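# Structural overview for review
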Amino acid sequence: MTLTTSPSPKKMLAALAGHAQETPPFWLMRQAGRYLPEYREVRARAGGFLDLCMNPELACEVTLQPLRRYGMDAAILFSDILIVPWALGQGLRFAEGEGPQLDAIRDQQGLTKLDLDSLHGRAAPVYETVSRIRAALDDRTALIGFAGSPWTVACYMVEGAGSKEYAHVKRFAYTDPAGFDRLIDILVTATIEYLSMQIKAGAELVQLFDSWAGVLSADDFQRFVVAPTRRITAALKERHPGIPVIGFPRLAGLNLQSYVDQAGIDGVSLDPGVPAAWAATNLQGRVAVQGNLDPVLLIAGGEAMDRAVLSLLETLGKGPFIFNLGHGIIKETPPENVSRLAGLIRDWRAATRG
């Protein structure tokens, strides 16, 4: 693929439009977070994690912090994928050191507690945060909105927390398929509405996080990951033509091919287990690819990180590519390693490599 130039000054949007670039854009999942001392200071002032997400002034501040340090090509809204079920009326708590805790919904009767009419009112601070971030960005930095994908959000809603076996959510899906389909339908509708409002507030692209896509069989992956994603992307593109969508079906393996072919996305984010050469051959000709440095390498730093970063750039950097991690930054990451990563990406030039 030859290098091209996009009329957009925003490299993220150029990559998602299919443009290969001399130096790829980069941002990092969870780039605003606990590894930054300035984030920890704001977090201490905010109170609880949900309080921080719902405070537009502070959420905007922590969104901008990594850009000031590292100059990423995109800001991503500081929020959480569980804002949607919370805004629908499900009880949600973030326990320090334990992760999110929800009032579990284990059957169709529990769905009566969810209220789509409450979504925008409760999520209004998120939309204000998006507006504030957009106003603070320069003309080269894109703004990413996001939501959890229906399957992953449903996992949390039914399990009541993170899980290793996903027994409750799978049992719901298998024993009451009509009831579980109703939950997925509610989440598809809510996600379309939620992302549409983020776009209206200033988001220029959106990402769908499907963190637990890899726990499904191939048939269930089609039913609970591909089909809902296709419904969401189709609705967003009808309402907001030209707004690109990145999908992240984590640990999807070979199911990535059907996801790329059928889900309607413009870019696909890759977890660390996806071989870059395979992605270049099988995915990059159809969509932009994003990823997929192992986050632990960003903790390790040094020559190991350098080699992995340069290998990714050499393998994927000559096509439409967004450099990122294969999952979120880990809290133990030294900030100086992120600085080193940013320098490696900026110093690399595809044009000098033929």
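Relevant structure appears above.
Residues numbered from 1 in each chain as written. Predicted model: local features only at pLDDT ≥ 70, side-chain atom pairs only at ≥ 80, totals over all residues. Heavy atoms only, no water.

### Topic: the sheet that holds strand 9 (residues 321-325)
Here is the rule we go by: Note: two strands are recorded as paired if DSSP finds a minimum of 2 bridges between them. By the criteria applied, helices consist of DSSP H or I runs no shorter than four residues and strands consist of E runs no shorter than two, each listed in order from the N terminus. Convention adopted: a line fitted to C-alpha atoms gives each axis, helices being fitted over their contacting stretch, and angles between N-to-C directions are expressed from 0 to 180 degrees.
Spatially, 1-4-5-6-7-8-9 is the arrangement adopted by the 7 strands of the open sheet, whose pairing is parallel. Looking at strand neighbours, the two that pair on one side only are strand 1 (74-76) and strand 9, the edges of this open sheet. Averaged over all adjacent pairs, the angle separating strand axes in this sheet is 25 degrees, with direction ignored. In the sheet, strand 5 (residues 205-210) pairs with strand 6 (residues 245-249) via 5 bridges, with the strands oriented parallel. Within strand 6, the residue paired with Leu208 across the bridge is Gly247.

### Observations concerning unusual backbone geometry
In this structure, Asn292 follows Gly291 across a cis peptide bond, with omega equal to -25 degrees. Along the chain, Asn292 turns up in strand 8 (residues 288-293). Notably, Tyr166 is not glycine yet its phi reads approximately 55 degrees, a positive angle. Along the chain, the position of Tyr166 falls in the loop between helix 7 (150-159) and helix 8 (167-175). A positive phi angle, close to 60 degrees, is found at Leu251, a residue other than glycine. The residue Leu251 is located in the loop between strand 6 and helix 11 (256-262) in this model.

### Topic: the packing of aromatic side chains
Rules: Only the six-membered ring of Trp is used, alongside the rings of Phe and Tyr, when aromatic pairs are assigned; centres must lie within 6.5 Å, and planes under 30 degrees apart are stacked while those over 60 apart are edge-to-face, with the rest tilted. Note on exposure labels: buried denotes an accessible area under 20% of the residue type's maximum, exposed denotes more than 50%, and partly exposed covers the range between, all computed with a 1.4 Å probe on protein chains only. Geometrically, a lysine NZ or arginine CZ counts as sitting over a ring once it is within 6 Å of the ring centre and also within 35 degrees of the ring normal.
Per the counting criterion, the structure on display carries 14 aromatic pairs. Between Phe49 and Phe78, the ring centres sit 5.8 Å apart and the planes meet at 70 degrees, which makes this aromatic pair edge-to-face. With Phe49 in helix 3 (residues 49-53) and Phe78 in the loop between strand 1 and helix 5 (83-88), the pair connects residues that are 29 residues apart, well separated along the chain. Comparing Phe49 with Phe78 shows no difference in burial state: the two are buried. Ring plane angle 50 degrees and centroid distance 6.3 Å describe the contact between Tyr156 and Trp212, whose orientation is recorded as tilted. In this pair, Tyr156 sits in helix 7 while Trp212 sits in the loop between strand 5 and helix 10 (218-239), placing the two residues 56 residues apart along the sequence. The ring of Trp86 is capped by Arg122, whose NZ or CZ atom sits 4.0 Å from the centre of that ring.

### Things to note about helix 8
For the record, the criterion: To obtain the arc, one takes the directions from the helix axis to the C-beta atoms. Working rule for contacts: check all heavy atoms of both residues, and any pair within 4.5 Å makes them a contact.
Regarding helix 8, the residues found buried are Val169, Phe172 and Ala173. Along the axis of helix 8, the buried residues cluster in a sector spanning 95 degrees; they form a single face. Opposite the packed face of helix 8, turned more than 90 degrees from it, sit the exposed residues Tyr174 and Thr175. Buried residues along helix 8 sit against helix 7, helix 9 (177-201) and helix 10.

### A closer look at the environment of Ala32
Tracing the chain through its elements places Ala32 in the loop between helix 1 (11-16) and helix 2 (37-46). Along the chain, Ala32 and Gly301 lie 269 residues apart, while their C-alpha atoms are 19 Å from each other. Non-local contacts of Ala32, meaning those with residues more than four positions away in its chain, are made with Val62, Thr63, Pro66 and Phe78.

Don't take any of this as a statement about function, it's just geometry.
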